[in-house]
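Structural characterization, general
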Amino acid sequence: MSDASPEGAPAAGVAAPDSPTADKDRLTRRTRRFGALHQAERTLRSMRAYAGVIVTSSVAEPLMYILAMGLGLGLLVGDAPAVAELGAESYLMYIGPGVLAATVAMTAGIEFAFPVLEGFTWRRLYYGAQAAPLTPGQIASGHILAVCVRFLFHSAVFTGVLVLVGATSSPLVWLQILTATLGGLALGVPIMAYISMLREEKGHGALIQRFVIMPLFLFSGTFYPLENLPGPLQAIGWISPIWHANELGRVLSFDQPTSPAMIAAHLGYLVVVTLLAWWATVHVFTRRLGLAEWRGRTPGARADARREARVAEPRDDDGPAGPAPVAQFRTGAGAGWYSGNIRAVFARGLSAIRNNRGVLFVSGFLEPILFLTSFGLGISPMISGIEAEQAGVGQDGTISYAAFIAPALLAVSAMNGAIFDSTWNVFFKLKITKLFRTMMATSLGPVDVALGEIGLALFRGAIYSVGFLAVLVGAGLVDGVSAVLMWVTALFIALGFAAVGMAVTSFFTRFQQMDWMMMVLMPMFLFSATLFPIDVYPAGVQALVQAMPLWHGVELMRDIAFRTGDAMTLVHIGYYVVMVVVGLSVATWRMRRLFLR
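Residues numbered from 1 in each chain as written. Predicted model: local features only at pLDDT ≥ 70, side-chain atom pairs only at ≥ 80, totals over all residues. Heavy atoms only, no water.

Observations regarding the overall build of the protein chain
Along the protein chain, the regular secondary structure elements total 26 helices and two strands. Counting over 597 residues, the protein chain shows a buried share of 52%. For the protein chain, contacts bridging at least 24 residues in sequence account for 80% of all contacts bridging at least 6. By element, 64% of the accessible surface of the protein chain is carried by carbon and sulfur atoms, the whole surface being about 26800 Å². (Helix = DSSP H or I, 4+ residues; strand = E, 2+ residues; numbered from the N terminus. Buried < 20%, exposed > 50% of the residue type's maximum accessible area, 1.4 Å probe, protein only. Contact = heavy atoms within 4.5 Å. Areas by Shrake-Rupley, 256 points an atom, 1.4 Å probe, with all protein chains shown as cover.)

Encoded structure:
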């Protein structure tokens, strides 16, 4: 048989001249030369899965903040002298650049944390890229460049909305797209450097949100001049990239009086922090993705080793094991749904909290206290007081702004704690570790799993509420009797949100879909009469606000704090009863559908 090929056809085993693989050496050189861009392209393509969230949040966030903080809280602040002295024509114009920098920073807290954990630990995507001609430094830089694109898009849309509503007065306003992006990098890249060092993730993403992102957001002069805070709290703003981006944005947006030296200091701080953190990130990636893999840092490794050593020690009561317990199984109707062993799920959750050293557990104390401190000290000097009748507390005269927001922040804390436990924690156990699949392979039923997880969320919420209420009682904002009733109410509110949160999370398939949850929580926090009375809005908007679950929780808390309960109090309670029943029903049904087919 002849070895000749048909005329014009390439010889066997030889790629066609126009094939992309014809010259593999050239392809390898090109890939290595533009490796960071290839990695950025891959990251941007993965963002297409949640592109709807990105676009929606970029448009909705500025509109929500404008309506809530700029117009709602702005009516209470009025023409504050502090705002006018800084060159802003309105409170909305003043907070616009700050809100832009803050929202970019919050996005940085997500994009530089969880996708990095996914790349190293959950799905090990970076090791696939390592097998290509890409260098570890290009893999790290590619991720940073891709996130920069998201920052630029978000900042451009946000700035465009501010221009359309007349919340700017300088032609240089479009340059704040760059300063906001730089602020996001100065905050996010150090987070990426830290996250990339972790061998295991034990709630550190949530710790970063609560101990880093939230304090910097609240004490960076976003909603008020930094000078309104006491000196020690101002120091938080000085080290915060958000504050430096705020100040640069205000200079560009409405010509805030700022010396050239301070402008250079703000810009230099952001650039230096970004470059140093970028270098550190590349260094960690190079060590971890090198020829000999660096094992990284395992948080709590020493504590785990000590615990294992204690377990391995012989005990005096060690002896022949007794007879194995007889397994008990339920029979009859509903036996496949409920095994009567909720305590096993609850105990497992408590054990996980202890293994995580309880840091994440304790962090729940901080959130409401930080909000109360920030707005109580920062906004109060700009507001003389709130009319009691306007606040809907049925009293004469005025009440302090701190007394007005304190009960609402307790309701917000109950909501946030319950949502965190019933969404992020549940999603992690459902999709990442597959823990629920393992549980359902035992005698446990979907009702056991659902009630056990929700019970754990309530337990954490109960501890958080006690700490915050102790602060309120100590500050004289509520009395002891009201504090006890508010504690019980906080658990009731948390139960409603936890049931609904777990039900909704059971439908999610990617952790980026959690952004949709934030798109729901943000308007509830901003519009539910938390930081200003509801009557600042027209009747139609008030009706929409009154349909939100958080508004019912806020009003229920204020009814107890100011002892002004009426028939509407029963409506608030009934609203949460419906949430609990519907949420539990859907959550248990979904667990059965997912694991007991």
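A few points about the nonpolar core
With 158 residues, the main nonpolar core has M69, L73, F223, F375, Y401 and F497 as its most contacted residues. Here this core gets 16 residues from one element, more than from any other, and that element is helix 19 (residues 401-432). Setting aside residues no more than four positions away along its own chain, M69 makes contact with M64, G74, Y91, I95, F223, F375, L526 and L531. (Core = buried A, V, L, I, M, F, W, Y, C linked by side-chain atoms within 4.5 Å.)

Some thoughts on the environment of F492
For F492, the position within the fold is in helix 22 (residues 480-505). Here F492 falls in the partly exposed class, since its relative accessible area comes to 22%. Distance from F492 to A414, taken between C-alpha atoms, is 8.8 Å for residues 78 residues apart in sequence. The residues contacting F492, other than those within four sequence positions of it, are I573, Y576 and V577.

Considerations on unusual backbone geometry
The phi angle at D255 is positive, at roughly 55 degrees, despite the residue not being glycine. With respect to the helices and strands, D255 occurs in the loop between helix 12 (241-254) and helix 13 (260-288). In this structure D255 comes out as partly exposed when scored by relative accessible area, which is 48%.

What about the environment of V449?
Its location among the elements puts V449 in helix 21 (residues 446-474). Using a relative accessible area of 0% as the deciding quantity, one classes V449 as buried. Along the chain, V449 and M591 lie 142 residues apart, while their C-alpha atoms are 8.2 Å from each other. Among all residues touching V449, those that are not within four sequence positions of it are V345, F436, M439, M440 and M502.

Quick look at the packing of aromatic side chains
Inspection of every chain in the model, using the stated rule, returns 14 aromatic pairs. Geometrically, the ring pair formed by F114 and W122 is stacked, given 6.5 Å between the ring centres and 25 degrees between the ring planes. A centroid spacing of 6.0 Å and a plane angle of 65 degrees characterise the contact between F497 and Y576, whose relative ring orientation is edge-to-face. Here the residue F497 occupies a position in helix 22, and Y576 occupies one in helix 26 (residues 567-595), the gap between them amounting to 79 residues. Relative accessible area serves as the criterion here: at 4%, F497 is assigned to the buried category. (Phe/Tyr/Trp six-rings, centres within 6.5 Å; stacked < 30°, edge-to-face > 60°.)

A word on the packing of helix 17 (residues 366-378) against helix 21
Relative orientation of the contacting elements helix 17 and helix 21 amounts to 30 degrees, with a least axis distance of 8 Å. Compared by their axis directions, helix 17 and helix 21 come out roughly parallel. On helix 21, the residues that touch P368, I369 and L372 of helix 17 are F468, V471 and L472. For the contact of helix 17 with helix 21, a count of residues per class yields six nonpolar, no polar and no charged. (Axes fitted to C-alpha atoms, helices over the stretch in contact; angles between N-to-C directions. Parallel < 35°, antiparallel > 145°, perpendicular 65-115°, else oblique. Nonpolar A, V, L, I, M, F, W, Y, C, P; charged D, E, K, R; others polar.)

Overview of helix 22
With 26 residues, helix 22 ought to run about 38 Å at 1.5 Å a step, and its terminal C-alpha atoms sit 37 Å apart, in line with that. At the N-terminal boundary of helix 22, the capping side chain belongs to D479, with an oxygen 3.2 Å from the backbone nitrogen of V481. (Expected span 1.5 Å × (residues − 1). Polar contact = N/O pair within 3.5 Å; in protein donor to acceptor, adjacent residues only side chain to side chain.)

Examining helix 23 (residues 514-527)
Its 14 residues place the ends of helix 23 21 Å apart at the C-alpha level, agreeing with the 20 Å of an ideal helix rising 1.5 Å per residue. Helix 23 sits mainly inside the fold: 11 of its 14 residues count as buried. Burial in helix 23 covers these residues: M514, D515, M517, M519, L521, M522, P523, M524, F525, L526 and F527.

Digging into the side chain of T569
Topologically, T569 is positioned in helix 26. Overall, the relative accessible area of 14% leaves T569 in the buried class. Each residue touching T569, except ones within four places of it in the same chain, is listed here: L556 and D559.

Quick look at the packing of helix 5 (residues 91-111) against helix 12
Packing of helix 5 against helix 12 leaves a shortest axis separation of 8 Å and a crossing angle of 140 degrees. With respect to helix 12, the axis of helix 5 lies oblique. By crossing handedness, the relation of helix 5 to helix 12 is classed as right-handed. Contact residues: M93, Y94, I95, P97, G98, A101, A102 and A105 in helix 5; I242, A245, N246, G249, R250, S253 and F254 in helix 12. When its residues are assigned to classes, the contact of helix 5 with helix 12 shows 10 nonpolar, four polar and one charged. (Left-handed = near helix turned anticlockwise from the far one by under 90°.)

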